[in-house]
Amino acid sequence: DFDMRTSGQKNAIDPADHTEWVRALARRFLKQFSIREEHSEELVAAGFLGLVEAAERFDDSLGTPFKAFAQARVRGAILDELTKMSGLSRAGLGQ
């Protein structure tokens, strides 16, 4: 198995442990913006990239739970992908 944790990081986060959470978030966006199901994997991929970025920046010594820390980055990555897909700005997406 491939372990995405950075060696030497204290209490490192493995993004693979949060894949289902990212998928659920992407499905929520599909419903909220009436996006066709065929685009779901694009949104999941964008969300997963946001998750990896959040895992790299996460510092558990600050006391914030990982999901709370990662939520903004994952949502932002999905919104950025929706923006690219639709040609609208984030404001046009109602965010």
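Look a little higher up for the structure.
Computed from a predicted model, the values in this text were never measured in an experiment.

Undergrad: Describe the overall build of the chain, naming the residues involved and giving the relevant values.
TA: Across its full length, the chain carries three helices and zero strands. The linear arrangement of helices and strands in the chain, starting from the amino end, is α-α-α. For the chain, the proportion of its 95 residues judged to be buried stands at 36%. Within the chain, residue pairs in contact and separated by at least 24 positions form 56% of the contacts whose partners lie at least 6 positions apart.

Undergrad: Provide a residue-level description of the nonpolar core, including the pertinent values.
TA: Formed by 20 residues in total, the largest nonpolar core has its most connected members in Phe29, Phe66, Val74 and Ile78. Where this core is concerned, the elements lending two or more residues are helix H1 (19-32), helix H2 (40-57) and helix H3 (66-86). Once residues lying within four places of it in the same chain are set aside, the contact partners of phenylalanine 29 are Ile35, Leu43, Arg75, Ile78, Leu79 and Leu82.

Undergrad: Break down the pattern of salt bridges for me, with residues and values.
TA: In a structure, side chains of opposite charge can pair up when their charged atoms sit close to one another. With the rule as written, the count across this model stands at five salt bridges. The salt bridge partner of glutamate 41 is arginine 23, with a shortest N-O separation of 2.9 Å. Taken as a pair, glutamate 41 in helix H2 and arginine 23 in helix H1 lie far apart in primary sequence, 18 residues in all. For arginine 23, a relative accessible area of 27% gives the class partly exposed. Between glutamate 38 and arginine 36 there is a salt bridge whose closest N-O contact spans 3.1 Å. Note on accessibility: glutamate 38 and arginine 36 belong to one class, exposed. Connected through shared salt-bridge partners, Glu53, Arg57 and Arg73 make up one network.

Undergrad: Explain the environment of threonine 19 to me, and be specific about the residues and the numbers.
TA: Here threonine 19 is to be found in helix H1. Classification of threonine 19 by relative accessible area gives partly exposed; the value is 23%. For the pair formed by threonine 19 and alanine 45, sequence separation is 26 residues and the distance between their alpha carbons is 10.0 Å.

Undergrad: Which residues make up the packing of H1 against H3, and what are the values?
TA: In the contact formed by H1 and H3, the axes pass within 11 Å of each other and the chain directions differ by 45 degrees. On the basis of their axis angle, the class for H1 and H3 is oblique. Judged by the twist between their axes, the crossing of H1 over H3 is right-handed. Note on element contacts: H3 touches H1 through Lys67, Ala70, Gln71, Val74, Arg75, Ile78, Leu79 and Leu82, opposite Trp21, Val22, Leu25, Ala26 and Phe29. Looking at side-chain class alone, the contact of H1 with H3 contains 10 nonpolar, one polar and two charged residues.

Rules of the game
- Residues numbered from 1 in each chain as written.
- Predicted model: local features only at pLDDT ≥ 70, side-chain atom pairs only at ≥ 80, totals over all residues.
- Heavy atoms only, no water.
- Helix = DSSP H or I, 4+ residues; strand = E, 2+ residues; numbered from the N terminus.
- Buried < 20%, exposed > 50% of the residue type's maximum accessible area, 1.4 Å probe, protein only.
- Contact = heavy atoms within 4.5 Å.
- Core = buried A, V, L, I, M, F, W, Y, C linked by side-chain atoms within 4.5 Å.
- Salt bridge = Lys/Arg side-chain N within 4 Å of Asp/Glu carboxyl O.
- Axes fitted to C-alpha atoms, helices over the stretch in contact; angles between N-to-C directions.
- Parallel < 35°, antiparallel > 145°, perpendicular 65-115°, else oblique.
- Left-handed = near helix turned anticlockwise from the far one by under 90°.
- Nonpolar A, V, L, I, M, F, W, Y, C, P; charged D, E, K, R; others polar.

These values are about where atoms sit, not about what they do.
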